[in-house]
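Chain and residue survey
Single-letter residue listing:
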Amino acid sequence: MSPPVNGETTQDGGVSVTINGNDFRVPDSFAATTLATFLRVHLGLTGTKVMCREGGCGVCTVHAEFPDPSGSGKIFKRSINSCLTPILSCNGWKIITVEGLGNQAAPHPIQKAMADYYGTQCGYCTPGWVMNMYSTLNSDSDVKLTKKRIEDATDGNICRCTGFRPILDAFKSFAKDDACKDGLGVDLEDLPDKMCHKTPGKKCSGKCDHKTVVRMRRLPAEVQDDVPAYHKPSSLDELYKLASSLKDQNVYYLVGHTGIGVYDDGPYDALVDMKGIKDLFGQKKSGNSLYIGAGVSYTDFIHTFRKEAASAGFEYLEQIADMVNKTAHESVRNVGSCGGNLVMKNLHQEFPSDLFTCLVAVDARIHIGPDNKAFSPEEFLAVDLKGKIVLAMELKAMDGKQFFRTYKVMPRVQNSHAYVNGAFRVKFDAAQKGKRVLQDKPAISLGNIHAKFIRAKQTEVFLTGKDLADVSVLQEALSIMYDEIQPEAKLDEADPEYKKTLAVNLFYKFALEVVGDLADSRFQSAIGLLPDKRPISSGQQDFPTQEENWPLTKPIPKIESLIQSTGEATYVSDIDHEGVLHAAFALSTEGNATIFKIDKAPALAIPGVLAVFTAEDIPGTNSYAPRRQEREELLAEKKVEFHYQPVALVVAVTKEAAEEGAKHVKVEYMDIQPVITTARQAFKKKLFFEDKPEEVVDGGDADKAIEKAARKVSGELELSAQFHFHMETQCSVAYPTEQGIDLDAGTQWPDGIQDCVSQVCGIDKNGVNVTVKRLGGGFGAKISRNNIISSAVALAALLVKRPVKMHMSLWDNMKSIGKRSPYYVTYEAGFEESGKLLGVKMDLYGAHGAQKNDSPYREIKGWLDNAYKSPAWKINLWKCKTNTPPNTHCRAPGSTEATYIMESIMEHVALSLNKVPIEVKQLNFYKDGDKALNGSKQISLRVTEVTEQLLKEAQFEERKKVVEEFNSKHRWRKRGLAVVPLRYPAQWSLGFNYSCLVAVYHNGGTIAVTHGGIEMGQGINTKVAQVVAYEMGVDLSMVKVHATQAIASANSFTTGGSITSEIACWAAIDCCKELKKRIEPVKKHDKLRALGREPEWKEVIEECYDKGIDLSARAWIAPKTKEPSAYYTNGCTCTEVELDTLTGEYQVNRLDVLYDCGESMSPFVDIGQVEGAIVMGLGYWLTEEIKYDEENGANGYYSTWKYKPPMAKDIPIDFRVKLLHNAPNPVGVMRSKLVAEPPLNMTCSVVYALRDAINAARIEQSGKDAKRVFQLVTPVTPERAQMFCGTDIRQLRYQA
Ligand SMILES: Cc1cc2nc3c(=O)[nH]c(=O)nc-3n(C[C@H](O)[C@H](O)[C@H](O)COP(=O)(O)OP(=O)(O)OC[C@H]3O[C@@H](n4cnc5c(N)ncnc54)[C@H](O)[C@@H]3O)c2cc1C
Ligand code: FES
Ligand code: FES
């Protein structure tokens, strides 16, 4: 290691680490600092992002190179999560961050591919993805870099914006099996570690000293001493001595330190880094046993297991490798150790360890020091590990007649703990024809049943010596198993009944494989797990472009995509100037109570905490709601109305100290009342904000129409909440100024921020300035909810007279801030035998939370009819009050739910008539001239045309037959197909007013733009730049779009409703027109005419300047339309799913969407919006679930461990997106139509496709008269999908 060049020079222990070629000496006082914090805060390398801080999102991924701790001499090269890694554990490591790869002048090929393939939207996840790919390409592993390998390696990174497809395409261009489509494929041999910073495009030769000057910022003095001791023993003896001396302390014996992402049992008195102890990292074979040191990482022991599986007696290791390859994700597995995992199981016996479940079934031994005793996995759980060290796991060779399989069923395909995991082993004599007599006691190990349940002992005893091929034996075994499994009911776990049936069904799958050909081939189709067979995904994109109008309509990457890929794009959360203080909320621990007393003292005693503020410290009005809305308390004054409501604000020198302080604010409550957390409960208890519902009545008398109708249906629906999962959590920084407060705010609505800050701080609105450069995702969460954060930091800055930042932890963000409103809905519809609607009634009970300011009802009647005409409507909109955070806008708020409700009614009508749903839907389509529910006259509707085209292009009729055929051949696997059309009104005149300012500069003629919209990934800046370049007739590179500013864009409305891009472009066009009016006459000036040629743009501008012409123009657009809707967009989606009816696992085999974007101004941007909306919708309908504790109202789903947005392998396997051709919008801005939100409304097709599959399963079970599923509760998680299939043990057979 070369001598330290940067940072501390004191030799106080500490460690040496090299970051992007710079060496640092980091002292022991950094014991509580993660690598992510070190990079971002202490080195200012903010390209690496943080979000969850628990290994669950991947934005913090960096590349690490370090010597194999076993001493082999090999250098490991791997991705790691910097949020989980203590900086002190990186001793001797080389870390490469996104800044170390390249920059916009000289990007690395991965960074370039990410931009060229349109792999970025908000860009907050992008550096993490780039580093993931960099590590995959530069890994020490010998696995071939195929497309499959690349898809497998994406298991640790989430992108909420793009829908993953373009990222996968970008990365697959590096695959060895790719045909280098588009010529972007890169020869791996030529891939540089690093690009030359002096000569763009050239590989770094390493000859010149390119080290950047990086100063390491010290820890604030206030927190330097408040850190655990950090020990680095280098031998087992030293470790044992240490362990004995620390016996009474809370010690973290770390290897990967990834366990902290699951359980934080801190505060810790000491950290003991065991990576210097070679004995813990070896692996050896001795006699009949394979020993794996406890420190060996998952990546390494999986590799060893796969290799050793070739040796006689160890074949079973391949199965364990398969199972643990699904544990966490690659960046965790790269450093996370087997010993760490087993100790977590010992300390938290409810932990669903995949490894432990396997070890139980193969009778492994776990060796523990200092006594070096070996224990069976069951015995191991009883060992008190205080002062003890896990040394190794021992796996013995098994005789060849053993049959062993492992299973893990998860809520989504990647990176999730198991609903239930299982490892089953039997021994039988295959020579006995037609029989599978079990020779020894089988092993049936199951995980995540409950803390004390390890194996199905009674079933094991019953099966011993029995013939598993005998169906009566099988069924009795399954019954015994069903009875002996008694899962614990828990808020944040699957229903016990699901776990019971899942465990039984997994064993049935196993039995089917054991009996092999003795089972009917239709039944054998159940063997294995569906996600294991998932093919590589691919996408098709089809869009029109008008070359004559380029750069308008030209498919270009977002203008920021390269700086997002290189990590140079900065976000509010990246701002961390020296001297900025940090704030965190103390949250209530009751959901409906009166505050008796708040004690600040314990929080103030935490080192680094400077101040604690409560409601009484607020100088202005205690409300973050803009003045026109109802009061919403920033800090609870007397009553808390929901669990995790902010009650105090803590200010400290570091974020960590603020968060720790917040935990220590002591609040006493009185008058604690029961809580109501669901819409259904609120409906039952009649807890409404207003006594009467808002009524929407149209046409005739809906009651009568339904009563008289030949056919009727009625039903109810339940829809869950959805968390936005913006990758940059809520964040703002406030600076006290001589005039008031300036803010860098993570908001979609600067005007709203000015309002609430001026109100809370008691200053005039003109004393508050707000700047917004970009957001790391918004999805509606930052329309009004950033007011909370901005008001808080402004208040703190005002009171402490220093800049204050709050970058909310994901947990606090999920706990205390509202989400998409959940609903309970009842409906009735009357119709003719043909399916033609006569009357529709709906009662919507939307759980608004503790406040109703962001009610989704404002525009809902524009969507509740979707594309369908009914002569009579009666709709009641009930605003339910619940003890949950006030719910808020979430991408396509109201319209997503409204479309689903209406589509569910249409599907119900069709199913009740035994008709194909899309046919009944088509029968009821609005036509031009019809008046819709919101009063708009329908003009230029394309829903019929778009639906017909989609049905044809998606080959709906043909595929319906293929689905039926598939279903007839598979007993336990069913496919389903569904189509959802869309008619979506663009509602321009709801106050969506925006400004734009375009400035042309002399000395070159370059153009700067600032507009009233907010760039949050939707590509507004790209569209505005394209429009300005087109209008001014200059190259796109001449235009730069700057941050939105509350002064330049005064009074602009919130960015939302999908229409801001259009209106901001409209304002930009007006600016350009005005400028052209001023510039055009100058072209005729003598000076320019004298040139004898067409003057260049810069010459014209120079002349304008000389003549004193104002070269900047501002425009304000406040669109007003006669009809409630300016125009309609249409779309149609066809979704095909495949369902494993035994586990509930499913996959979207294919999804086709045809969307009318008019003349898309920027096709890549719009395709990206469609894909992103679709995948966010799939998450909403399938895997994203939130449940609240019925006792105290606490959200039980506030972490990435529990909340599951889709990942790269949850997207459609075949994903086809097409923008309608030849469809200019006569009233649209530049003939375009809105996008962003409407495609999300069509994603409910996945629910009906699943129901189609579930009904096929039900018909298979009970014949044609089977009770079909009409009502669904969403999300249709695998748990719900399986339970809807209603399989029972009597059906688990080998033959029909
Ligand atoms: C995002 C994420 C998802 C995950 N998903 C899964 C999953 O699906 N299934 C699953 O089974 N696991 C899962 N895990 C857990 C993961 O497997 C463990 O975090 C990892 O194996 C722990 O190894 P480590 O070396 O990082 O342990 P560390 O974090 O270093 O240590 C963990 C604990 O073990 C103690 N310890 C470590 N080694 C020893 C030793 N040799 N002797 C005594 N004490 C020791 C430490 O004191 C600490 O209490 C997940 C983790 C994360 C972060
Ligand atoms: S911040 Fe590290 S994985 Fe989410
Ligand atoms: S671009 Fe991936 S989260 Fe926004």
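Cut-offs used in this document
- Residues numbered from 1 in each chain as written.
- Chains lettered and ligands numbered in written order.
- Predicted model: local features only at pLDDT ≥ 70, side-chain atom pairs only at ≥ 80, totals over all residues.
- Heavy atoms only, no water.
- UniProt positions renumbered as here; feature names shortened; annotations may be inferred.
- Helix = DSSP H or I, 4+ residues; strand = E, 2+ residues; numbered from the N terminus.
- Buried < 20%, exposed > 50% of the residue type's maximum accessible area, 1.4 Å probe, protein only.
- Contact = heavy atoms within 4.5 Å.
- Axes fitted to C-alpha atoms, helices over the stretch in contact; angles between N-to-C directions.
- Parallel < 35°, antiparallel > 145°, perpendicular 65-115°, else oblique.
- Left-handed = near helix turned anticlockwise from the far one by under 90°.
- Nonpolar A, V, L, I, M, F, W, Y, C, P; charged D, E, K, R; others polar.
- Phe/Tyr/Trp six-rings, centres within 6.5 Å; stacked < 30°, edge-to-face > 60°.
- Near = heavy atom within 4 Å.
- Polar contact = N/O pair within 3.5 Å; in protein donor to acceptor, adjacent residues only side chain to side chain.
- Areas by Shrake-Rupley, 256 points an atom, 1.4 Å probe, with all protein chains shown as cover.
- Salt bridge = Lys/Arg side-chain N within 4 Å of Asp/Glu carboxyl O.
- Core = buried A, V, L, I, M, F, W, Y, C linked by side-chain atoms within 4.5 Å.

Naming follows an unreviewed UniProt entry, where the chain appears as FAD-binding PCMH-type domain-containing protein of Ramazzottius varieornatus. Within the UniProt record for the chain, the comment given under Sequence similarities (unreviewed entry) is "Belongs to the xanthine dehydrogenase family."

Listed under "binding site: FAD" (unreviewed entry) in the UniProt record, and renumbered for this structure, are S337, C338, G339, G340, N341 and K408. For C338, the position within the fold is in helix α12 (residues 338–347). On the basis of relative accessible area, C338 is assigned to the buried category, the value being 1%. Setting aside residues no more than four positions away along its own chain, C338 makes contact with I292, G293, A294, V296, Y298, F301, L355 and M393. Inspection of the secondary structure puts G340 in helix α12. Judged by its relative accessible area of 30%, G340 falls in the partly exposed class.

On to the packing of helix α9 (residues 298–308) against helix α10 (residues 317–324), then. Contact geometry for α9 and α10: axes closest at 8 Å, N-to-C directions at 150 degrees. If you check the angle between α9 and α10, you find them roughly antiparallel. For the element pair α9 and α10, the recorded crossing hand is left-handed. Between α9 and α10, the contacting residues are Y298, F301, I302, F305, R306 and E308 on the first element and L317, E318, I320, A321, D322 and V324 on the second. Considered class by class, the residues forming the contact of α9 with α10 number eight nonpolar, no polar and four charged.

Further remarks concern the packing of aromatic side chains. Counted by the stated rule, this structure contains 44 aromatic pairs. Between the aromatic rings of F424 and F510, the centroid separation amounts to 5.5 Å while the plane-to-plane angle is 65 degrees, which identifies the pairing as edge-to-face. Highlighted residues: F424 in strand β16 (residues 420–427) and F510 in helix α17 (residues 496–515), separated in sequence by 86 residues. Residue F510 is classed as buried on the basis of its relative accessible area of 0%. Both rings, one in F683 and one in Y824, keep their centres 4.9 Å apart while their planes meet at 40 degrees; by these two values the pair is tilted. Taken together, the residues span a long stretch of sequence, with F683 in helix α22 (residues 679–685) and Y824 in strand β31 (residues 823–831) at a distance of 141 residues. Taken together, the ring pairs in this structure connect F403, Y407, F424, F428, F507 and F510 into an aromatic cluster.

This part is about the site of ligand 1. With respect to spatial proximity, 37 residues lie near ligand 1, and among them Y252, Y253, T258, G259 and S337 are the closest. At 2.9 Å, a backbone N or O of H257 approaches an oxygen atom of ligand 1. The backbone of A328 places a nitrogen or oxygen atom 3.3 Å from a nitrogen atom of ligand 1. The fraction of the free accessible surface of ligand 1 (970 Å²) that becomes covered by protein chains is 96%. Within the residue set of the shell around ligand 1, elements represented by two or more residues are β8 (251–254), α12 and β14 (389–396). When residues in the shell around ligand 1 are grouped by element, the largest group, five residues, is from α12. Across the shell around ligand 1, the residue classes break down as 19 nonpolar, 14 polar and four charged.

One can find T97 in the loop between β6 (94–96) and α2 (98–101). Here N20 takes part through its side chain, which lies 2.8 Å from a polar atom of the side chain of T97. Here the side chain of T97 touches E99 through a polar contact of 2.6 Å, side chain to side chain. Once residues lying within four places of it in the same chain are set aside, the contact partners of T97 are I19, N20, L39, L45, T48, V62 and M131.

This next bit is on the UniProt feature "active site" (unreviewed entry) in the chain. In the numbering used here, UniProt assigns the feature "active site" (unreviewed entry) to E1237. Tracing the backbone shows E1237 in the loop between β42 (1214–1219) and α36 (1238–1241). Taking the relative accessible area as the measure of exposure, E1237 reaches 11% and is therefore buried. Not counting the four nearest positions on each side in its chain, E1237 is found in contact with R891, A892, P893, Y984, G1057 and S1058. Within the local environment of E1237, its side chain forms a polar contact with the backbone nitrogen of A892, the two atoms lying 3.0 Å apart.

Take the pattern of salt bridges next. Per the counting criterion, the structure on display carries 93 salt bridges. Ionic pairing is found between R680 and E718, a salt bridge with its closest N-O pair at 2.9 Å. Here the residue R680 occupies a position in helix α22, and E718 occupies one in strand β26 (residues 711–719), the gap between them amounting to 38 residues. Overall, E718 belongs to the partly exposed group, its relative accessible area being 23%. Between D698 and K931 there is a salt bridge, with the nearest N and O atoms lying 3.6 Å from each other. One end of the pair, D698, is in strand β25 (residues 694–699); the other, K931, is in the loop between α28 (917–923) and α29 (943–953), and 233 residues separate them in sequence. Judged by relative accessible area, D698 falls into the buried class, the value being 18%. Under the relative-accessibility criterion, K931 is labelled exposed at 51%.

As a further point, take the packing of α12 against helix α13 (residues 354–361). In contact at an axis separation of 9 Å, α12 and α13 are set at 90 degrees when each is read in the N-to-C sense. In terms of orientation, α12 lies roughly perpendicular with respect to α13. Counted together, C338, N341, L342 and K345 of α12 and L355, F356 and L359 of α13 form the full contact between these two elements. Residues of the contact of α12 with α13, tallied by class, amount to five nonpolar, one polar and one charged.

On to the nonpolar core, then. Formed by 185 residues in total, the largest nonpolar core has its most connected members in M842, L844, I1007, V1028 and M1032. The contacts of V1028, once residues within four sequence positions are left out, are V998, I1007, V1009, G1033, V1039, A1068 and C1072. Counting residues in each nonpolar core, the second largest holds 102 residues, with W93, C756, V793 and I1014 among its members.

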